[in-house]
Amino acid sequence: MRLDIVTIFPEYLEPLNVSLVGKARAAGRLDVRVHDLRAFTHDRHHTVDDTPYGGGPGMVMKPEPWGEALDAVLASGAGDDPVIVVPTPSGRPFTQELAQELSAARWLVFTPARYEGIDRRVIEEYGARLDVREVSIGDYVLAGGEAPVLVMVEAIARLLPGVLGNADSHRDDSFAPGAMAGLLEGPVHTKPPEWRGRTVPEVLISGHHGRIARWRRDEALRRTAANRPDLIERCDPAALDRHDLATLAELGWEPGEDGRFGRASGRVEE
Ligand code: 6GU
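None of the values given here were measured: they were computed from a predicted structure. All residue numbers refer to position in the chain's written sequence, counted from 1. For a predicted model such as this one, the threshold for reporting local features is a pLDDT of at least 70, and the threshold for listing and counting side-chain atom pairs is 80 or more; totals across whole chains, interfaces and linings nevertheless cover every residue. Heavy atoms throughout the structure, all of them, feed into the side-chain values; hydrogens and water do not.

Chemist: How should I be thinking about the site of the ligand in this particular structure?
Modeler: Whether a residue is near a molecule or strand depends on its heavy atoms: if one lies within 4 Å, it is near. Pro-87, Thr-88, Pro-89, Val-135, Ser-136, Ile-137, Gly-138, Tyr-140, Leu-142, Gly-144 and Pro-148 make up every residue found near the ligand. Polar contacts here mean pairs of N or O atoms no more than 3.5 Å apart (in protein, one a potential hydrogen donor and the other a potential acceptor; neighbouring residues in sequence count only if both atoms are side-chain atoms). Between a nitrogen atom of the ligand and a main-chain N or O atom of Tyr-140, the distance comes to 2.5 Å. Here a nitrogen atom of the ligand sits 3.0 Å away from a polar atom, N or O, in the main chain of Leu-142. Methods summary: accessible areas were calculated by the Shrake-Rupley approach with a probe of 1.4 Å, and residue burial reflects only the protein chains presented. Here the ligand, which alone exposes 290 Å², has 96% of that area covered by the protein. Counting from the N terminus, the helices are the DSSP runs of H or I reaching at least four residues and the strands are the DSSP runs of E reaching at least two. Ranked by residues supplied to the shell around the ligand, first place goes to strand 5 (residues 83–93) with three residues. Think of it as three bins: nonpolar holds Ala, Val, Leu, Ile, Met, Phe, Trp, Tyr, Cys and Pro, charged holds Asp, Glu, Lys and Arg, and polar takes everything else, Gly as well. A breakdown of the residues in the shell around the ligand according to their chemical character gives seven nonpolar, four polar and no charged.

Chemist: How should the nonpolar core be read in this particular structure?
Modeler: Generally speaking, soluble globular proteins have nonpolar side chains that are buried together. Ranked by size, the top nonpolar core spans 29 residues in total, and within it Leu-30, Phe-94, Leu-108 and Phe-110 carry the most contacts. Of all the secondary-structure elements, those providing two or more residues to this core are strand 1 (2–7), helix 1 (19–26), strand 5, helix 3 (96–103), strand 6 (107–110) and helix 5 (146–157). Working definition of a nonpolar core: buried Ala, Val, Leu, Ile, Met, Phe, Trp, Tyr and Cys residues. They are joined through side-chain atoms within 4.5 Å. Buried means the residue's accessible area, taken with a 1.4 Å probe over protein chains only, is under 20% of the maximum for its type, while exposed means over 50%, and partly exposed covers the values in between.

Chemist: Quick question: what am I supposed to make of helix 1 here?
Modeler: Residues spaced three or four apart along an α-helix face the same direction, because each turn holds 3.6 residues. Residues of helix 1 that are buried: Val-21, Gly-22 and Ala-24. Buried residues of helix 1 fall within an arc of 160° about the axis and therefore sit on the same side. Helix 1 presents Lys-23 and Ala-26 as exposed residues on the side facing more than 90 degrees away from its buried surface. By definition in these notes, contact holds between two residues if any of their heavy atoms fall within 4.5 Å. Buried residues belonging to helix 1 abut helix 5. Note that the arc is computed from the directions linking the helix axis to the C-beta atoms.

Chemist: Just checking my understanding: could you explain the pairing of strand 1 for this structure?
Modeler: The side chains of a regular strand alternate between both faces of the sheet. Along strand 1, six of the six residues are buried, which leaves the element largely enclosed by surrounding structure. Residues Arg-2, Asp-4 and Val-6 line one face of strand 1 and the alternating positions Leu-3, Ile-5 and Thr-7 line the opposite face, and both faces are buried. Strand direction decides the pairing type here: strand 1 and strand 2 (residues 31–36), joined by six bridges, are parallel. Directly across from Arg-2, in strand 2, lies its bridge partner Asp-31. When the strands point away from the viewer, a crossover counts as right-handed if the path from the first strand over the helix to the second runs clockwise. Regarding the hand of the β-α-β motif, the stretch spanning strand 1, helix 1 and strand 2 is right-handed. Strand pairing is assigned whenever DSSP identifies at least 2 bridges connecting the two strands. Pairing of strand 1 with strand 6, which is carried by four bridges, proceeds in the parallel orientation. The partner of Ile-5 across the bridge, within strand 6, is Phe-110.

As structure tokens, this is what we get:
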């Protein structure tokens with residue numbers, strides 16, 4: 001996969017040389033190219049921003065440097081079009097599903113902005129001929145799109161064939177489709193069997209695969225109910241087995257008339 005990132009802070013993307021993404025680059029599975037937006041300005045001060053039309057606080061990124069930078073990046077491609085990802089708190093939520101969809105692309109171009117964002121006409125211009133996605137990584141405001149790019153690239157890169165050592169590693173990921181669909185992962189343990197007087201749950205050393213799988217699923221249900229009740233509400237009761245339903249009932253969740261889970265009435269909140 002090829003990734004191009006246009007930014008006024010190329011050094012902000014240095015972490016892409018480290019760990020999983022760094023190794024994927026070194027192995028030739030990822031071709032990452034970081035471009036300095038200021039290289040596409042022509043004035044002495046390398047100006048990339050200006051005051052907003054209509055007034056208001058902050059600055060807006062000028063369209064000309066972005067247009068020149070994106071034209072240069074696009075012209076360097078080998079025929080096929082990239083998907084352009086525009087990080088913005090006003091975008092669609094970045095989810096595991098979107099990470100999976102983007103991981104199927106051959107070429108992604110990221111346009112992390114600073115200030116109040118990029119002049120709208122840039123998104124219109126490239127959106128008219130290319131697949132342009134405005135994407136947010138969550139409901140909070142960051143000072144720029146570079147950290148979101150690091151987040152998105154890591155989520156996408158680990159899904160690429162051969163990037164994670166073990167192809168099964170993302171099978172049970174929280175949010176991955178499959179048997180644990182829509183559930184958070186439960187707790188994990190490793191050696192030693194006792195640490196500071198705390199022991200590993202007996203079932204995990206029992207060697208009994210059926211009981212282990214059941215325990216893990218119960219822990220996943222418990223953690224999801226505690227940390228993400230919204231995911232339990234979205235869960236289809238028909239997709240759960242008798243034991244799942246019993247575990248959720250113990251936690252105060254029952255399927256309602258509408259076929260969705262809700263808090264059983266008369267239960268005391270923990
Ligand atoms: Cl993609 N950019 C900025 N600046 N803030 C954000 C964001 C993106 N996603 C959440 N907050």
